[in-house]
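Residue-level structural notes
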Amino acid sequence: MAVAPPPLNISQTDLGIGDILCSLYALEGLSIANGRPPMVLHMADHRDWLQAVAIPNLDVVPLRPENAGLIDIHLGDSEAQYRQKLRENHDPKCWYGLKLGGVEPQRPAINPALATAAIPFRKPFVVLAPFATRTNRTWEIHNWRLLADQLKAAGYQVIALDAPNQPGRCAGPGCDYWFGQRPLWTMQVCQQAALVISNDSALSHLGGLLGVKTLVLLSQQNPERYFSLTDNAFIRPQHACVGCRFQPELGYEPRCDFGCWALQSISPRTVAETALQLLENARQPAATRFQRSPAAPINLT
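Residues numbered from 1 in each chain as written. Predicted model: local features only at pLDDT ≥ 70, side-chain atom pairs only at ≥ 80, totals over all residues. Heavy atoms only, no water.

Considerations on the overall build of the chain
Inclusion rule: The way it works is that DSSP assigns letters per residue, a run of H or I at least four long becomes a helix, a run of E at least two long becomes a strand, and they are numbered from the N terminus. Exposure categories follow from relative accessible area, calculated using a 1.4 Å probe and restricted to protein chains: below 20% of the type maximum is buried, above 50% is exposed, and the middle band is partly exposed. Should any heavy atoms of two residues lie within 4.5 Å, those residues are counted as being in contact. Shrake-Rupley sampling with a 1.4 Å probe provides the accessible areas, and residues are treated as covered by the protein chains on show and by no other component.
Helix and strand counts for the chain stand at 9 helices and 11 strands. The buried share among the 301 residues of the chain stands at 50%. Long-range contacts, defined as pairs at least 24 residues apart, comprise 67% of the intrachain contacts of the chain with a sequence gap of at least 6. A total of about 14,000 Å² of accessible surface is found on the chain, and carbon and sulfur atoms cover 53% of it.

Right, dumping it as structure tokens:
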């Protein structure tokens, strides 16, 4: 009788939801490269966000102090190393792949239940994600209000999503707003949206992972690297300092962490016109993307 191989035990200690979602591509690459072995992912936080994907034979458990000898994946051992990664424009998905022995990141299959879950919105609807943990990635709230007005005028229901413990700020865009919802609910809503419009934040990575049409507003990062293996579209300002993150030679200054003036130069009209064009294009017949065999959701224990 063949003996089942021991599971691969991996720990994930990053705290950013977007970073964790990026690491799933490397985990999928590891799983494929090793013939779908049993894997156990020990996580410090945000375990529920892994319900977005269906990686066979992957269990997710809490990271405990007694866990030792695990393969540890995270973006950097220190703030200095994290900054070095950004300066060198390393693709975070490949960075995680290097932590797992140099595997090639692959796009994982999506939990099929997300597309059929009941949600309280009429279709077609657009999701706005106006906020980010870092203020330098945030487009001003009055811009989101003007954008929402133009999308509503075009006949779309507009939903703004926010994190827990923020009951007031999501009212700013002037549309239906929801805060503090469970990750699974947020995934279901984004999966069924006609379009997700987001800052460089967790929902921009979630939309890319789910294969949902996603428009990202960003200035300090390189979209081709930070959103590789996705179909995301981008709007970037036309300034020499774009892509400056932690690079003084490109114009980065410490005060940039408190707000990006280049990002604010993007007009609501430009975003609205781009969004409406993406929505119109989505109505046209297109080749099916990222076809994969159905897979069961991963086990969260």
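Observations regarding the sheet that holds strand β5 (residues 125-129)
In a beta sheet, neighbouring strands are held together by backbone hydrogen bonds and run either parallel or antiparallel to one another. As a reminder, the rule being used: Note on pairing: two strands pair once DSSP finds at least 2 bridges between them. For every element, the axis is a line fit to its C-alpha atoms; helices are fit only across the contacting stretch, and the angle between N-to-C directions ranges from 0 to 180 degrees.
If you walk across this open sheet you meet the 6 strands as β7-β6-β5-β8-β9-β10, and the pairing is parallel. The open sheet has two edge strands, β7 (176-179) and β10 (233-235), and neither has a second partner. Within the sheet, the average angular offset between the axes of one strand and its neighbour, ignoring direction, is 20°. Here strand β9 (residues 214-217) pairs with β10 via 3 bridges, running parallel. Paired with leucine 217 across the strands is isoleucine 235, a residue of β10.

Side note on helix α6 (residues 202-210)
Judged by how many residues are buried, α6 sits mostly within the fold: 8 of 9 residues are covered. Glycine 211 lies just past α6 and shows a positive phi near 80°.

Let's talk about unusual backbone geometry
Of note, the amide linkage connecting lysine 123 to proline 124 takes the cis form, showing an omega dihedral of 0°. Located in the positive-phi region is histidine 46, a residue other than glycine, with phi close to 65°. Non-glycine residue leucine 229 carries a positive phi angle of around 65°. Structurally, leucine 229 is set in the loop between α7 (223-226) and β10. Under the relative-accessibility criterion, leucine 229 is labelled partly exposed at 36%.

Here we look at the packing of helix α4 (residues 141-153) against helix α9 (residues 268-282)
To be explicit about the condition: Angle categories: roughly parallel below 35 degrees, roughly antiparallel above 145, roughly perpendicular from 65 to 115, and oblique for all the rest. In this scheme the handedness of a crossing depends on how the near helix is turned from the far one: anticlockwise by less than a right angle means left-handed, clockwise means right-handed. Under the scheme applied here, ten amino acids are nonpolar (Ala, Val, Leu, Ile, Met, Phe, Trp, Tyr, Cys and Pro), four are charged (Asp, Glu, Lys and Arg), and all others, including Gly, are polar.
Close contact between α4 and α9 brings their axes to 9 Å; oriented N to C, the two are set at 40°. Our classification of the angle between α4 and α9 gives oblique. Crossing hand, α4 versus α9: right-handed. Residue-level inspection shows Asn143, Leu146, Leu147, Gln150 and Leu151 of α4 in contact with α9, the latter providing Pro268, Arg269, Val271, Ala272, Ala275 and Leu276. Broken down by class, the residue content of the contact of α4 with α9 amounts to 8 nonpolar, 2 polar and 1 charged.

Points about helix α5 (residues 183-192)
Among the 10 residues that make up α5, 10 are buried, leaving the element largely enclosed by the rest of the structure. Buried within α5 we find Pro183, Leu184, Trp185, Thr186, Met187, Gln188, Val189, Cys190, Gln191 and Gln192. The elements touched by buried residues of α5 are β5, β6 (157-162), β7, β8 (195-199) and α6.

Comments concerning the pattern of salt bridges
This is how it is decided: Basic side-chain nitrogens of Lys or Arg form a salt bridge, by our definition, when they fall within 4 Å of a carboxyl oxygen of Asp or Glu.
For the structure shown, the criterion picks out 3 salt bridges. Between aspartate 149 and lysine 152 there is a salt bridge, with the nearest N and O atoms lying 3.9 Å from each other. Taken as a pair, aspartate 149 and lysine 152 lie in helix α4 at a separation of 3 residues, close to a single helical turn. Arginine 269 is the salt-bridge partner of glutamate 273, the closest N and O atoms lying 3.0 Å from each other. On the criterion of helical spacing, the pair formed by glutamate 273 and arginine 269 is a turn pair, its members being 4 residues apart in helix α9. Given a relative accessible area of 58%, arginine 269 falls into the exposed group.

Considerations on the confidence of the model for the chain
A low pLDDT means the predicted coordinates there should not be read in detail. What counts here: Confidence scores labelled pLDDT are given residue by residue by the predictor and lie between 0 and 100.
On average, residues of the chain score 83 in pLDDT, and 80% of them are at 70 or above. Ranking the elements of the chain by mean pLDDT puts strand β11 (residues 299-300) last, at 48, and β9 first, at 96. This model gives residues 287-301 a pLDDT under 50, and the stretch forms 33 contacts once residues within four places in sequence are excluded.

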